[in-house]
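Here's the letter readout for the chains.
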Amino acid sequence: MKSLDGNGCPLCERGKITFVLELDSDRKSFIRRLQSYEPLFQLARKAGFSVINFALLCSEFSCGDLSLFLEMFESVGLEPPPPPQKRKLFQPSNIDKDIDKVLKEIEKLGTTKVKRKKR
């Protein structure tokens, strides 16, 4: 079996893959259908994807249901992926000056347009 690294796959990162599933039936039917894909998920693991994730396309029920996501992973014998690492945000020291400059330019444009319309 060829090892995959995610090159050329828009839903893959190195060692990670995301399966997009449509949530178009009741919860129990959806979980049964998901379980039928278990061999595919196991093949992905054997191919070198260490993190398998799911994305849902929803029609009727909420996609934000954490218990559903956990049930999905449990039903196919997978571990949920780790939560994203917190990234330290920084603010450049001159951002306030830049924002003020942009706002002043926008204000000038707005008043210029108003003057032109009055003529």
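Conventions we followed
Residues numbered from 1 in each chain as written. Predicted model: local features only at pLDDT ≥ 70, side-chain atom pairs only at ≥ 80, totals over all residues. Heavy atoms only, no water. Buried < 20%, exposed > 50% of the residue type's maximum accessible area, 1.4 Å probe, protein only. Helix = DSSP H or I, 4+ residues; strand = E, 2+ residues; numbered from the N terminus. Arc of directions from axis to C-beta. Contact = heavy atoms within 4.5 Å. Polar contact = N/O pair within 3.5 Å; in protein donor to acceptor, adjacent residues only side chain to side chain. Core = buried A, V, L, I, M, F, W, Y, C linked by side-chain atoms within 4.5 Å.

Trainee: What is the right way to read helix H1 (residues 27-36) from this model?
Mentor: Because an α-helix packs 3.6 residues into every turn, residues spaced three or four apart end up facing the same way. Among all positions in H1, only Phe30, Ile31 and Leu34 are buried. In an axial view of H1, the angular spread of the buried residues amounts to 100°, which keeps them on one side of the axis. Facing away from the buried side of H1 by over 90 degrees, the exposed positions are Lys28, Arg32 and Ser36. Elements that come into contact with the buried residues of H1 comprise strand E2 (16-23), helix H2 (38-46), strand E3 (51-58) and helix H3 (66-75). Put simply, Asp26 is the residue that caps the front of H1, since its side-chain oxygen is 3.2 Å from the backbone nitrogen of Lys28.

Trainee: Got a minute to help me understand the nonpolar core in this structure?
Mentor: The tendency in soluble globular proteins is for nonpolar side chains to be buried side by side. Core analysis: the biggest nonpolar cluster contains 18 residues, and Phe30, Leu34, Phe41, Phe54 and Met72 have the highest contact counts within it. Taken together, the elements giving at least two residues each to this core come down to E2, H1, H2, E3 and H3. Tallying contributions element by element places E2 first for this core, with 4 residues. With residues near it in sequence (within four places) discarded, Phe54 still touches Thr18, Phe19, Leu21, Leu34, Phe41, Phe69, Met72, Phe73, Val76 and Leu78.

Trainee: What should I look at first to understand the environment of Asp24 in this one?
Mentor: Mapped onto the fold, Asp24 is located in the loop between E2 and H1. Linking Asp24 and Cys58, residues 34 residues apart in sequence, is a C-alpha distance of 6.7 Å.

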